[in-house]
Amino acid sequence: MTMAIHPYNALMDITARPDVVFDRGEGSWLWDDTGKRYLDFIQGWAVNCLGHAPAAVAEALAAQAKRLLTPSPAYYNDTSLKLAKALIAHSSFDQVFFTNSGAEANEGAIKLARKYGALHRNGAYEIITFEGGFHGRTLATMSASGKKAFEPLFEPKVPGFRKALLNDLGSVSRLISDKTVAVMLEPIQGEAGVWPATDQFLQQLREMTTAHGLLLIFDEIQTGMGRTGKLFHYEHAGIAPDIMTLGKGIGGGVPLAALLATSRAACFEHGDQGGTFNGNPLMCAAGLAVLDQVAKPDFLKSTAETGLFLESELQRLSARHGLGEVRGRGLLLALDLKLPVGPAIVAQAFAHGLLLNAPRPDTLRFMPALNVTREEISQMIEALDAILIKAGAARLVA
Ligand code: PLP
């Protein structure tokens with residue numbers, strides 16, 4: 001007997017999703033299949049750095065698709081070489097390995113650090129990561145993450161990760177031993193609720209890792225590609241990590257990520273790393289189109305200014321409603337709601353055509369397109385203001 005399959009049930013039920021199907025996007029806006037329009041301050045979880053369906057990415061993909069999709073990862077292709085060279089030219093790194101997701105880039109960073117330990121540090125393999133950190137959903141990256149909800153899942157975890165506290169140098173130094181090979185962190189913990197490492201902590205970590213001969217790994221999957229107003233977050237602290245991972249924004253909406261390393265750290269030998277789609281020219285063409293726009297000094301300046309505008313608007317909103325602090329940098333910001341009303345606000349915003357994210361029950365996170373306009377920010381603030389007024393009134397009535 002064949003059973004009728006509900007259209008949504010064709011997909012594995014891995015997360016709660018609203019009963020809405022999106023079918024079109026443009027800039028800061030998404031449309032569902034009934035024609036309803038939504039102002040998007042999630043942007044695929046900080047992915048669409050140029051907004052939905054940017055013409056530059058669409059054109060680059062179409063041109064590349066007509067020319068060469070993939071020759072095999074065992075051959076060079078001109079598009080991935082161009083993107084690797086451009087990333088190197090714009091950063092402090094010497095070599096790149098392209099991947100298809102952020103987790104895969106971090107998995108590669110972990111392998112690279114272990115390889116470095118095998119070659120240069122008597123087999124040291126432990127990596128110090130941080131409570132609250134998020135590095136992906138493969139087994140090794142879940143093990144590296146410091147997300148409480150991951151702890152009971154998929155035991156036994158991959159061993160070799162010891163957790164320190166963000167912005168607490170002593171908690172890092174206490175974990176360093178002969179087995180340690182690297183320290184790995186997000187410069188702003190995004191999934192945990194936008195908790196920034198201070199520039200001073202990042203500088204001290206650089207000094208400490210250098211003094212102990214350890215690798216410093218920055219997971220810039222959320223903070224990289226202009227999100228914080230500089231092309232890469234490490235520039236704010238005036239330091240250079242040994243390894244960096246990029247994802248999300250680098251493809252402007254398509255699955256592209258990257259592992260970058262200095263020549264000292266880039267120690268993979270043949271057979272250590274690879275993957276069928278890694279460095280395929282189609283995704284790299286999108287990456288080139290994105291980098292071409294995002295790396296422009298004027299674009300970064302405007303992102304930083306727009307970030308300050310959003311920050312000040314959120315601060316005004318917070319003061320008006322007696323809410324908490326605004327955290328983050330550039331266009332990766334969070335508003336502390338002081339109460340666990342985030343999911344209710346997100347649901348109400350959704351009903352009113354506004355897409356917001358609550359990474360924690362008491363926190364809203366804002367990660368719009370980097371080219372979001374001030375008018376769109378004002379529209380979002382106005383809608384959120386109305387929801388907060390209603391929520392306040394409801395509390396008075398209750
Ligand atoms: N690292 C960070 C800091 C992230 O924010 C994410 C995704 O949210 C990942 C890694 C995992 O990336 P992906 O979902 O592309 O595997």
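Residues numbered from 1 in each chain as written. Predicted model: local features only at pLDDT ≥ 70, side-chain atom pairs only at ≥ 80, totals over all residues. Heavy atoms only, no water.

(A) Region of the structure containing the packing of aromatic side chains. Scanning the model with the defined rule gives seven aromatic pairs in all. When the ring of F22 is compared with that of Y38, the centres are 5.0 Å apart and the planes differ by 80 degrees; the resulting orientation is edge-to-face. Residue F22 is found in strand 1 (residues 22-26), and its partner Y38 is found in strand 3 (residues 37-40); the two are separated by 16 residues along the sequence. A relative accessible area of 33% places F22 in the partly exposed class. When the centroid spacing of 6.5 Å and the interplanar angle of 75 degrees are considered together, the rings of F22 and F350 count as edge-to-face. Of the two residues, F22 is situated in strand 1 and F350 in helix 11 (residues 342-351); the sequence distance between them amounts to 328 residues. Overall, the relative accessible area of 17% leaves F350 in the buried class. Three or more aromatic residues joined by ring pairs form one cluster here, namely F22, Y38 and F350. (Phe/Tyr/Trp six-rings, centres within 6.5 Å; stacked < 30°, edge-to-face > 60°. Helix = DSSP H or I, 4+ residues; strand = E, 2+ residues; numbered from the N terminus. Buried < 20%, exposed > 50% of the residue type's maximum accessible area, 1.4 Å probe, protein only.)

(B) Geometry of the sheet that holds strand 1. Ordered in space as 1-2-3-15, the four strands form an open sheet in which the pairing is mixed. Looking along the sheet, the strands with just one partner apiece sit at the ends: strand 1 and strand 15 (354-355). When strand 1 meets strand 2 (residues 29-32), the two strands line up antiparallel, connected through four bridges. Bridge assignment links E26 to a residue of strand 2, and that residue is W29. (Pairing = 2+ DSSP bridges.)

(C) Focus on the pattern of salt bridges. For the structure shown, the criterion picks out 15 salt bridges. Its salt-bridge partner being R206, residue D242 comes within 3.0 Å of it at the nearest N-O pair. Within this pair, whereas D242 is found in the loop between helix 8 (234-237) and strand 11 (243-246), its partner R206 is found in helix 7 (residues 199-212), the two being separated by 36 residues in sequence. The pair D242 / R206 is uniform in exposure class, with both members buried. Note that D385 is salt-bridged to R320, the shortest N-O span being 3.4 Å. Of this pair, D385 sits in helix 12 (residues 374-397) while R320 sits in helix 10 (residues 297-321), and the two are 65 residues apart along the sequence. Judged by relative accessible area, which is 16%, D385 ranks as buried. (Salt bridge = Lys/Arg side-chain N within 4 Å of Asp/Glu carboxyl O.)

(D) Region of the structure containing the packing of helix 3 (residues 78-89) against helix 9 (residues 281-294). In contact at an axis separation of 8 Å, helix 3 and helix 9 are set at 35 degrees when each is read in the N-to-C sense. Of the two elements, helix 3 crosses helix 9, and the hand of that crossing is left-handed. When helix 3 is examined against helix 9, the residues T79, S80, K82, L83, A86 and L87 are found in contact with a partner set consisting of P281, C284, A285, G287, L288 and L291. (Axes fitted to C-alpha atoms, helices over the stretch in contact; angles between N-to-C directions. Left-handed = near helix turned anticlockwise from the far one by under 90°. Contact = heavy atoms within 4.5 Å.)

(E) Geometry of the packing of helix 2 (residues 55-67) against helix 9. Put simply, helix 2 and helix 9 touch, their axes get as near as 8 Å, and they point 145 degrees apart. Handedness of the helix 2/helix 9 crossing: right-handed. Counting all contacts with helix 2, which are made through A56, V57, A60, L61, Q64 and A65, the residues of helix 9 involved are P281, L282, A285, A286, A289, V290 and Q293. Of the residues contributing to the contact of helix 2 with helix 9, the split by class is eleven nonpolar, two polar and no charged. (Nonpolar A, V, L, I, M, F, W, Y, C, P; charged D, E, K, R; others polar.)

(F) Examining the environment of G229 more closely. Here G229 is to be found in the loop between strand 10 (215-219) and helix 8. Residues G229 and G330, spaced 101 residues apart in sequence, show a C-alpha to C-alpha distance of 5.0 Å. Every residue in contact with G229, bar those within four places of it in the chain, is listed here: L300, T303, A304 and G330.

(G) Structural context of the nonpolar core. L185, F366 and M380 are the most contacted members of the largest nonpolar core, which has 79 residues in total. No other element matches the eight residues that helix 9 contributes to this core. Of the residues that make up this core, three or more belong to each of domain 1 (20-53 + 297-397) and domain 2 (55-294). When sequence neighbours within four positions are dropped, the list of residues in contact with F366 reads F41, L310, L314, L331, L332, L333, A334, L335, L356, M380 and L384. Ranked by size, the runner-up nonpolar core spans 20 residues in total, among them L112, A124, A140 and C267. (Core = buried A, V, L, I, M, F, W, Y, C linked by side-chain atoms within 4.5 Å. Domains from an automatic or database assignment.)

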